[in-house]
Amino acid sequence: MKYKSQKVAYWFFALCMLLFSLQIVYGFIMGFDRIGIQALHDVIPFNVARAVHTNLLVVWLLTGFMGAAYYIIPEEAQRELISVKWAYVQLISLAVVGVVAIVGFHFNHWEGRKFLEIPRELDFLVVINVLLFLGLILGTLYKGKRRTTTALVLSMGLLFAALLYLPGMIWFDSQVMDSFFRWWVVHLWVEGVWELIMGGILSYLLIKLTGVDREVIEKWLYVIVGLTFLSGVLGTGHHYYYIGVNKIWLIVGGIFSALEPLAFLAMALFAVNMYRKGEKSHPNKIALFWTIGSSIVSFVGAGLLGFAHTLPQTNLYTHGTLVTAMHGHYAFWGAYAMIVLAIISYALPNLTGRKRYQSATGMAAFWLSNIGMLGMTVAFGVAGVVQVYLERKMKMEFMVVQNEISIHFVVLLICATMFATGIGLFIFDFFKYGRPTDEALEIK
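Presented here is an overview of the structure given in this document. (Residues numbered from 1 in each chain as written. Predicted model: local features only at pLDDT ≥ 70, side-chain atom pairs only at ≥ 80, totals over all residues. Heavy atoms only, no water.)

## Looking at the overall build of the protein chain
Part 1: Helix and strand counts for the protein chain stand at 14 helices and 0 strands.
Part 2: Going from N to C terminus, the protein chain has its helices and strands arranged as α-α-α-α-α-α-α-α-α-α-α-α-α-α.
Part 3: Computed over C-alpha atoms, the radius of gyration of the protein chain comes to 21 Å, within 12% of the 22 Å expected from 2.2 N^0.38 for 444 residues, which places it in the range of a compact globule.
Part 4: For the protein chain, the spread of C-alpha atoms along the principal axes amounts to about 70 × 45 × 45 Å.
Part 5: Across the 444 residues that make up the protein chain, the buried fraction comes to 57%.
Part 6: Across the protein chain, the fraction of contacts at a sequence separation of at least 24, relative to all contacts at a separation of at least 6, is 84%.
Part 7: Of the roughly 19000 Å² of accessible surface on the protein chain, 69% is carried by carbon and sulfur atoms. (Helix = DSSP H or I, 4+ residues; strand = E, 2+ residues; numbered from the N terminus. Rg over C-alpha atoms; globule rule 2.2 N^0.38 Å. Buried < 20%, exposed > 50% of the residue type's maximum accessible area, 1.4 Å probe, protein only. Contact = heavy atoms within 4.5 Å. Areas by Shrake-Rupley, 256 points an atom, 1.4 Å probe, with all protein chains shown as cover.)

## A short note on the pattern of salt bridges
Part 1: Under the definition given, this model contains 12 salt bridges.
Part 2: Residue Lys4 pairs with Asp438 through a salt bridge whose shortest N-O separation is 3.5 Å. Separated by 434 residues along the polypeptide, Lys4 in the segment before helix H1 (8–34) and Asp438 in the segment after helix H14 (406–432) bring together distant segments of the chain.
Part 3: Of the residues examined, Asp438 reaches a relative accessible area of 35% and is grouped as partly exposed.
Part 4: The residue Lys7 makes a salt bridge to Asp438 at a minimum N-O spacing of 2.7 Å. In this pair, Lys7 sits in the segment before H1 while Asp438 sits in the segment after H14, placing the two residues 431 residues apart along the sequence.
Part 5: Judged by relative accessible area, which is 18%, Lys7 ranks as buried. (Salt bridge = Lys/Arg side-chain N within 4 Å of Asp/Glu carboxyl O.)

## Here we look at the environment of Leu413
Part 1: If you trace the backbone, Leu413 turns up in helix H14.
Part 2: A sequence separation of 129 residues divides Leu413 from Asn284, and the C-alpha atoms of the two residues are 32 Å apart.
Part 3: Contacts of Leu413, omitting those with residues within four sequence positions, involve Phe28, Gly31, Phe32 and Ile35.

## Focus on the packing of helix H11 (residues 322–352) against H14
Part 1: Remark: H11 packs on H14, axes separated minimally by 12 Å, with the N-to-C direction vectors making an angle of 15 degrees. When the axis of H11 is compared with that of H14, the two are roughly parallel. The handedness of the crossing between H11 and H14 comes out as left-handed. Of the residues in H14, those touching H11 at Leu322, Trp333, Leu341, Ile344, Ser345 and Leu348 are Phe409, Phe419, Ile423, Phe426 and Phe430. (Axes fitted to C-alpha atoms, helices over the stretch in contact; angles between N-to-C directions. Parallel < 35°, antiparallel > 145°, perpendicular 65-115°, else oblique. Left-handed = near helix turned anticlockwise from the far one by under 90°.)

## What to know about the packing of aromatic side chains
Part 1: Under the counting rule described, the total for this entry stands at 36 aromatic pairs.
Part 2: Ring geometry for Phe430 and Phe431: centres 5.0 Å apart, planes at 80 degrees, overall edge-to-face.
Part 3: The class of Phe431 is partly exposed, set by a relative accessible area of 46%.
Part 4: Put simply, the rings of Phe20, Trp60, Phe289, Trp290, Trp333, Phe366, Trp367, Phe419 and Phe426 touch in pairs and so form one group of aromatic residues. (Phe/Tyr/Trp six-rings, centres within 6.5 Å; stacked < 30°, edge-to-face > 60°.)

## Looking at a nonpolar patch on the surface
Part 1: Judged by side-chain polarity, Tyr242, Ile248, Leu250, Ile251, Ile255, Leu316 and Tyr317 come together as a nonpolar surface patch covering roughly 630 Å² of accessible area.
Part 2: Going through the elements one at a time, helix H8 (248–277) and helix H10 (312–318) are the ones with two or more residues in the nonpolar patch.
Part 3: Per-element tally for the nonpolar patch: the top contributor is H8, with 4 residues.
Part 4: Residue placement: Tyr242 occurs in the loop between helix H7 (214–232) and H8.
Part 5: With relative accessibility at 37%, the residue Tyr242 sits in the partly exposed group. (Patch = residues over 30% accessible without salt bridge, like charges linked within 9 Å, V, L, I, M, F, W, Y side chains within 5 Å.)

## Some details on the nonpolar core
Part 1: Counting 147 residues, the largest nonpolar core has Tyr70, Trp194, Ile201 and Trp333 as the members making the most contacts within it.
Part 2: The leading source of residues in this core is H11, at 21 residues.
Part 3: Apart from residues lying up to four places away in sequence, Tyr70 is in contact with Gln6, Val8, Ala9, Phe12, Leu81, Ala87, Gln90, Phe133, Leu136 and Ile137. (Core = buried A, V, L, I, M, F, W, Y, C linked by side-chain atoms within 4.5 Å.)

## What to know about the packing of H1 against H14
Part 1: H14 packs onto H1 with a crossing angle of 160 degrees between their chain directions and a minimal axis gap of 10 Å. With respect to their mutual orientation, H1 and H14 come out roughly antiparallel. H14 is crossed by H1, and the crossing has left-handed handedness. Contact residues: H1 offers Tyr10, Phe13, Ala14, Met17, Phe20, Ser21, Ile24, Phe28, Gly31, Phe32 and Arg34, while H14 offers Ser406, Phe409, Leu413, Ala416, Thr417, Phe419, Ala420, Ile423, Phe426, Ile427, Phe430 and Phe431.
Part 2: Partitioning the contact of H1 with H14 into residue classes produces 18 nonpolar, 4 polar and 1 charged. (Nonpolar A, V, L, I, M, F, W, Y, C, P; charged D, E, K, R; others polar.)

## Thoughts on helix H12 (residues 360–393)
Part 1: Helix length check: H12 (34 residues) gives 48 Å between terminal C-alpha atoms against 50 Å at 1.5 Å per residue, within 8%.
Part 2: The backbone nitrogen of Thr361 has a side-chain oxygen 3.3 Å away, supplied by the residue at the start of H12, namely Ser359.
Part 3: Following H12 by one or two positions, Lys395 has its phi on the positive side, about 65 degrees. (Expected span 1.5 Å × (residues − 1). Polar contact = N/O pair within 3.5 Å; in protein donor to acceptor, adjacent residues only side chain to side chain.)

## Some details on H1
Part 1: With 27 residues, H1 should cover 39 Å at 1.5 Å per step; its first-to-last C-alpha distance of 40 Å lies within 8% of that length.
Part 2: Counting buried positions over the 27 residues of H1 gives 19, a clear majority of the element.
Part 3: Downstream of H1 by a residue or two, Gly36 has a phi angle that is positive, lying close to 95 degrees.

By themselves, these figures tell us nothing about what the structure is for.
Pasting the structure below:
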């Protein structure tokens, strides 16, 4: 590492690993629940497990993004963070808010809005926490010796993510109005500004891992940002088909949903092209695998699978079925989870000074988790198609259909076990590196 304050990132990554582990545990609880093994049902009902599972996903990814920013921004700005002490205060407060929210879910203390279940009083604490984080990041950039496009795109994504959290805090008596603005948070995060965060991290990693000139890589970033805003903002319309708004959204949502894969295609071409142009062979192959893999899997999961069921004519049948779960799992995995694991894999050797580039454990973690997630995606997809046919075409009752497709969750659990084994190996490798040390500081 080049700056001592980059060590803060390690502890964000450590919290990230803990939250990811918990998310997987709650995923298994739901999986077993779907095949009739409900030993924990009285303690952790399905709706509680689902709320915890989805909210942990958001929190651990945000924690990873924050860790990435604390690692990347000092290097890009060429100076130490303006305050390490406040960065640790932000980390601790983030962890406390997360724990209180998760415990509260088990006592039915939530708002009940899908993906935004966190209680209102904790919303304000989240806002304060994120303002502190942005103050540290933007303050470091402002006082830095240089301002790069990579740092600008990453910071812009983080800033817009914070701003777009606010519409979700507005209270509406109308269910239609509430749904309309709820998607400003959910959609414009995952299919808008989070793509900027992914683009910034991807750009940084490709600069470091391939040796391609910064100017060449950052020119591609402008293309990605343009496509993201062109398609992602109005692509929100595919969530408005059936919530009671004007029919114009069927047209807008359909057209711009068809354009959304272009942003992810640009990212995939960007990453592969930069890798092929690379002048140096970086020894950290594991980080390179996660980086290139993220760009390709995100195109398949977020781009192609998203497009496959967001056109109005298709979504009429697939809306609210397991086809959505198919898209959601592979999209989040490729676009965001893998890029967080990529920056962790790159940063760990530099933070700890232990150059364990040829780790068999790390490579096994990559392949097992990716094969497992692919299997889960296929299982969700097959179950979803069967569900659409039986429920929407044959008009069978919802719970009868769930019983008919339960066999697919047996397959899903087998694949999930492979996935969890891969993630377990990644976490084992993470802690095997040990803690960051000042001895890892590069001599300037």
